[in-house]
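Letter by letter, the chains look like this.
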Amino acid sequence: MLDVRQIAKEIVAREGGFVNDPDDPGGATNLGVTLATARRLGLDKDRDGDVDVADVKQLTAADAEAVYLRHYFERPKLDRLPEVLQASVFDMYVNAGSNAVKILQRLLGQMGQQVAVDGKIGPQTIAASKVAAGMAPDHLADAYGVARRNYYFRLADLRPKSRKFARSRAGKKRRLDQAGRGVYLAALSPDTVGI
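Here's the deal with the confidence of the model for the protein
Close inspection of predicted coordinates is inappropriate in any region flagged by low pLDDT.
Moving on, step 1. The predicted model of the protein averages 85 in pLDDT, with 82% of residues at 70 or higher.
Moving on, step 2. Within the model, pLDDT remains below 50 along residues 169-195, and this stretch shows 59 contacts once partners closer than five positions in the same chain are excluded.

Here's what the structure looks like:
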């Protein structure tokens, strides 16, 4: 059975500590939580009335795990997806937001499922993902893993300063998904990973 709390801990461990890389569009980030996310969620750790870099630096692993569970797993309804997809979509959602769901929706469309590509998990996406997982759960998980990797590489092509992150993120994806087989690469069109 999926232990989503353990997955959140693993994501936090992979994301690492505080960085403020000028090439990273996320800017100041600690344990994967960006300054923009901290501001959006009102994470005023030093209680000085504003959320700034000092607050991001003070985030703890427990803070980041709570953010991920509530805002990147529960709120977007990832728990409603088939279990075979939950870990990978969760990890991707932390880095790419609703694009993680759009990638899944495009993939489901290529698998013959009727689903809107809107980045939201609703009844249509839930039903389509269950049908696809029922037909071939390992194939679906592998294909999603390949689509994730392609998303990062395409993003790096569009934003050259992000290239140094693409291999790192794709490697994190590979370790989480344990796919690496690449069997479905040829079957995926570039539209699957549209940005």
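Describing the nonpolar core
Moving on, step 1. Grouped together as the largest cluster of nonpolar side chains are 48 residues, with contacts concentrated most on Tyr68, Leu78, Phe90, Met92 and Tyr144.
Moving on, step 2. Excluding residues that lie within four positions of it along the chain, Phe90 makes contacts with Val4, Ile7, Ala8, Ile11, Tyr68, Leu69, Tyr72, Phe73 and Leu78.

Things to note about the packing of helix 4 (residues 61-74) against helix 5 (residues 83-96)
Packed helix pairs are specified by the crossing angle of their axes together with the interaxial distance, meaning the distance between the axes.
Moving on, step 1. One way to put it is that helix 4 packs onto helix 5 with a least axis distance of 9 Å and a crossing angle of 105°. The pairing of helix 4 with helix 5 is recorded here as roughly perpendicular in orientation. Listed contacts from helix 5 to Tyr68, Leu69, His71, Tyr72 and Phe73 of helix 4 are Gln86, Phe90, Tyr93 and Val94.
Moving on, step 2. Taken together, the residues that form the contact of helix 4 with helix 5 break down as seven nonpolar, two polar and no charged.

Let's talk about helix 4
Moving on, step 1. With 14 residues, helix 4 ought to run about 20 Å at 1.5 Å a step, and its terminal C-alpha atoms sit 18 Å apart, in line with that.
Moving on, step 2. Remark: the principal bend of helix 4, roughly 25°, maps to Tyr68.
Moving on, step 3. The inward-facing, buried residues of helix 4 abut helix 1 (4-15), strand 2 (33-34), helix 2 (35-41) and helix 5.

A look at the packing of aromatic side chains
Moving on, step 1. Applying the stated criterion to the full structure yields four aromatic pairs.
Moving on, step 2. A network of ring pairs unites the aromatic residues Tyr68, Tyr72 and Tyr93 as a single cluster.

Some words on the pattern of salt bridges
Moving on, step 1. A full pass over the atoms with the stated rule returns four salt bridges.
Moving on, step 2. A salt bridge links Asp63 to Lys45, with the nearest nitrogen and oxygen atoms 2.7 Å apart. Residue Asp63 is located in helix 4, and its partner Lys45 is located in the loop between helix 2 and helix 3 (53-58); the two are separated by 18 residues in the primary sequence.

Some points on the packing of helix 5 against helix 6 (residues 99-110)
Moving on, step 1. Interaxial distance between helix 5 and helix 6 falls to 7 Å at its minimum, and their mutual angle equals 135°. The pairing of helix 5 with helix 6 is recorded here as oblique in orientation. Taking contact as the criterion, the partners of Leu85, Val89, Met92, Tyr93 and Ala96 in helix 5 are, on helix 6, Asn99, Ala100, Val101, Ile103 and Leu104.
Moving on, step 2. Here the residues of the contact of helix 5 with helix 6 sort into nine nonpolar, one polar and no charged.

Criteria and cut-off values
- Residues numbered from 1 in each chain as written.
- Predicted model: local features only at pLDDT ≥ 70, side-chain atom pairs only at ≥ 80, totals over all residues.
- Heavy atoms only, no water.
- pLDDT = per-residue confidence, 0-100.
- Contact = heavy atoms within 4.5 Å.
- Core = buried A, V, L, I, M, F, W, Y, C linked by side-chain atoms within 4.5 Å.
- Buried < 20%, exposed > 50% of the residue type's maximum accessible area, 1.4 Å probe, protein only.
- Axes fitted to C-alpha atoms, helices over the stretch in contact; angles between N-to-C directions.
- Helix = DSSP H or I, 4+ residues; strand = E, 2+ residues; numbered from the N terminus.
- Parallel < 35°, antiparallel > 145°, perpendicular 65-115°, else oblique.
- Nonpolar A, V, L, I, M, F, W, Y, C, P; charged D, E, K, R; others polar.
- Expected span 1.5 Å × (residues − 1).
- Bend = angle between axes of the 7 residues up to and from the residue.
- Phe/Tyr/Trp six-rings, centres within 6.5 Å; stacked < 30°, edge-to-face > 60°.
- Salt bridge = Lys/Arg side-chain N within 4 Å of Asp/Glu carboxyl O.

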